[in-house]
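Single-letter residue listing:
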Amino acid sequence: MMESRGKAVGEAVMLLLLSVVMSRLGIAAFIATAPLLLFAIRHGRKSASLLLAAGFAVNQAIDLVLSGGLPADSTDAAFLLLNMYIPLSLSAAGIVWLHTRGRKLMGRLFMTLLPAFVLAGATAAFFYSDRALFSSVLAGYEDAFAALLGPMISALLPGADIGTIAYFAVLVLASLVFPILLCSVCASCFIFETGLHSRESGWEEKVMRLEYSPDAVWGFIISWALILLFRFVSAPLLLVIAVMNAAGVWTVIYAIEGFSVVYARVRRHSPAMRSMTLLILIIAAGTIIPGINFIVLIGLPLLGVLESFFNLKKLGGIDYEDHS
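Residues numbered from 1 in each chain as written. Predicted model: local features only at pLDDT ≥ 70, side-chain atom pairs only at ≥ 80, totals over all residues. Heavy atoms only, no water.

Draft legend 1. Structural view of helix H6 (residues 131-156). Along H6, the sharpest change in direction is near 60° and occurs at leucine 149; proline proline 151 comes one to four residues later. Buried within H6 are the following residues: Leu133, Val137, Leu138, Glu142, Phe145, Gly150 and Ile153. In the core, the buried residues of H6 are packed alongside helix H4 (74-98), helix H5 (105-129) and helix H7 (162-175). (Bend = angle between axes of the 7 residues up to and from the residue. Helix = DSSP H or I, 4+ residues; strand = E, 2+ residues; numbered from the N terminus. Buried < 20%, exposed > 50% of the residue type's maximum accessible area, 1.4 Å probe, protein only. Contact = heavy atoms within 4.5 Å.)

Okay, structure coming up:
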């Protein structure tokens, strides 16, 4: 008993260290929860949930030490809380994913975003009560953007107003928060699910046969129709940001189904192809080959939407059931 517990502790420590290292490696930070999720395969959901919470706490403690300790004023405290938003949302999303096993895929994806939504609402309410603090934080982000990219923008666009560009950059980032979070959640959870079901003969077929309810496509259509409408009708800025986030989330959701369509077609000609291998190939191609990333970003969601109308898998001679 003591030996098995010692092995579990050792495994937890190694996975925690790996997660911490990944969180310091740029884009790898967005899948830093994946190693912690893998702990659930051998040690259960509760243990993995505790490890996810511990991983968040350790990372925040390291950030606090590197930043020189506790914040000196309310503005520094606000920056600290905002910097915690994405790591906390991803950790909470991982815990939600572990405890929603057995539900439909789309429902689980939306549930993983609930903690981020609640945190965003609380943050908005907090800043609404202190407009001066919000202005100070916004100015801080604009200054950071200008310091980082200002010289390059000035070289490419002489005479451009760096402050205005920085302001719009912050708005664009705010409009993409939930799609970015969902992409991270999908990547981490797919790694976990592949590890969990790697020895099951039906896992790859389940990925290939993923299907949403046909009525769900209206979420995608309506959100993007509203974005087009906002080009001709003025709307409150917060509403525009909310709708853009919603459209981005629906786009990610249908990119998942688009990936399933591509995998089903590839699987017909290469039965040995694994879904994780195909995903890595698509990401690598989108990163290395110019223009491919644009095709992937547009093509996968479009295939997912078209699948709702035309049953592309059946047209390809693939019979399937709804496993989503």
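Having seen it, we continue.
Draft legend 2. How the structure looks around the confidence of the model for the protein chain. Model confidence for the protein chain is summarised by a mean pLDDT of 87, while 95% of its residues fall at 70 or above. The least confident element of the protein chain is helix H14 (residues 312-315), whose mean pLDDT is 68; the most confident is helix H10 (residues 217-229), at 95. (pLDDT = per-residue confidence, 0-100.)

Draft legend 3. Main features of the side chain of threonine 194. Examined against the element boundaries, threonine 194 turns out to sit in helix H8 (residues 177-196). With relative accessibility at 14%, the residue threonine 194 sits in the buried group. Here phenylalanine 190 takes part through its backbone oxygen, which lies 2.8 Å from a polar atom of the side chain of threonine 194. Ignoring anything within four residues of it in the chain, the contact list for threonine 194 reads Trp203 and Met276. (Polar contact = N/O pair within 3.5 Å; in protein donor to acceptor, adjacent residues only side chain to side chain.)

Draft legend 4. The arrangement of the environment of leucine 182 in detail. Of note, leucine 182 is situated in helix H8. For leucine 182, a relative accessible area of 0% gives the class buried. Leucine 182 sits 140 residues away from arginine 42 along the chain, and the two C-alpha atoms are 26 Å apart. When sequence neighbours within four positions are dropped, the list of residues in contact with leucine 182 reads Leu109, Thr112, Leu113, Val249, Val252 and Ile253.

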